[in-house]
Amino acid sequence: MNLSLTVNGAAVTVEADGADTLLMVLRDRLRLTGTKEGCTEGECGACTVLVDGVPVDSCILAAHSAAGSEVQTVEGLADRGGALSPIQQAFIDNFSVQCGFCTPGFLMTLTALIAEDPTPEEEWVKAAVSGNLCRCTGYTTIVDAVMAATGQEVAR
């Protein structure tokens, strides 16, 4: 069956079977490999993308349930000229990336948070990323990056 949706601003139609997840369509059909497959159970957040602006675990979302939606992946965060989004740049500036496997999911979750609240408090940031697992950073530098990206000081 054909699946039509908008991905990173471009209208696409792909062949997807009823058992395909959005993650499968993004990685296997569209070759957008920034979205990572971690647990395939919706627990780790590595596969987080935005569907109509809302963070979702693409590993457990049936692809056809995203039909007609606007999907944004980590590849769609930088502008057309290649300039990184403020949260991407803040991750670099604050050393918020170590192995990098979880980074795309964090970036997507935090992009949605900042769109909803341009100056979130640290506690909101921590709550927002509670569905994203990281084994390397300890989360502190990730929170620091959000505070920097939103022009706030870290309260430490």
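Up top is the structure these notes are about.
The rules behind these values
Residues numbered from 1 in each chain as written. Predicted model: local features only at pLDDT ≥ 70, side-chain atom pairs only at ≥ 80, totals over all residues. Heavy atoms only, no water. Pairing = 2+ DSSP bridges. Helix = DSSP H or I, 4+ residues; strand = E, 2+ residues; numbered from the N terminus. Axes fitted to C-alpha atoms, helices over the stretch in contact; angles between N-to-C directions. Contact = heavy atoms within 4.5 Å. Expected span 1.5 Å × (residues − 1). Buried < 20%, exposed > 50% of the residue type's maximum accessible area, 1.4 Å probe, protein only. Core = buried A, V, L, I, M, F, W, Y, C linked by side-chain atoms within 4.5 Å.

1. Side note on the sheet that holds strand β1 (residues 2-7)
What the five strands build is an open sheet, ordered β2-β1-β5-β3-β4; its pairing is mixed. Each edge of the open sheet is held by one strand with a lone partner, namely β2 (10-15) and β4 (54-57). Each strand axis lies, on average, 40° off the axis of its neighbour in the sheet, ignoring direction. In terms of strand pairing, β1 meets β2 through six bridges, oriented antiparallel. Considered in β2, the bridge of Thr 6 is made with Ala 11. Contacting β3 (48-51), β4 and β5 (70-72), helix α3 (residues 103-116) crosses the sheet at an angle of about 35° to β3.

2. Examining α3
The end-to-end C-alpha distance of α3 is 20 Å, a good match for the 20 Å that 14 residues give at a rise of 1.5 Å each. In terms of burial, α3 is largely enclosed, as 11 of its 14 residues are buried. Every buried residue belonging to α3 is among Thr 103, Pro 104, Gly 105, Phe 106, Leu 107, Met 108, Thr 109, Leu 110, Thr 111, Ala 112 and Leu 113, and all of these are buried. Of the surrounding secondary structure, the elements contacted by the buried residues of α3 are β3, β4, β5, α2 (86-93), α4 (122-128) and α5 (140-149).

3. Some words on the nonpolar core
Residues Ile 87, Phe 91, Phe 106, Leu 107, Leu 110 and Val 125 are the most contacted members of the largest nonpolar core, which totals 21 residues. Elements with a minimum of two residues in this core: α2, α3 and α5. Considering every element that reaches this core, the biggest residue donor is α3, with six residues. Beyond its immediate chain neighbours, meaning those up to four positions away, Phe 106 contacts Phe 91, Val 129, Asn 132, Leu 133, Cys 134, Tyr 139 and Ile 142. By size, the runner-up hydrophobic cluster in this structure holds 15 residues, among which are Leu 5, Val 7, Val 12 and Leu 32.

4. A few points about α5
If you check which residues of α5 are buried, you get Ile 142, Val 143, Asp 144, Ala 145, Val 146 and Met 147. In this structure, the buried residues of α5 make contact with α2, α3 and α4. Gly 151 sits one or two positions beyond α5 and adopts a positive phi of about 70°.

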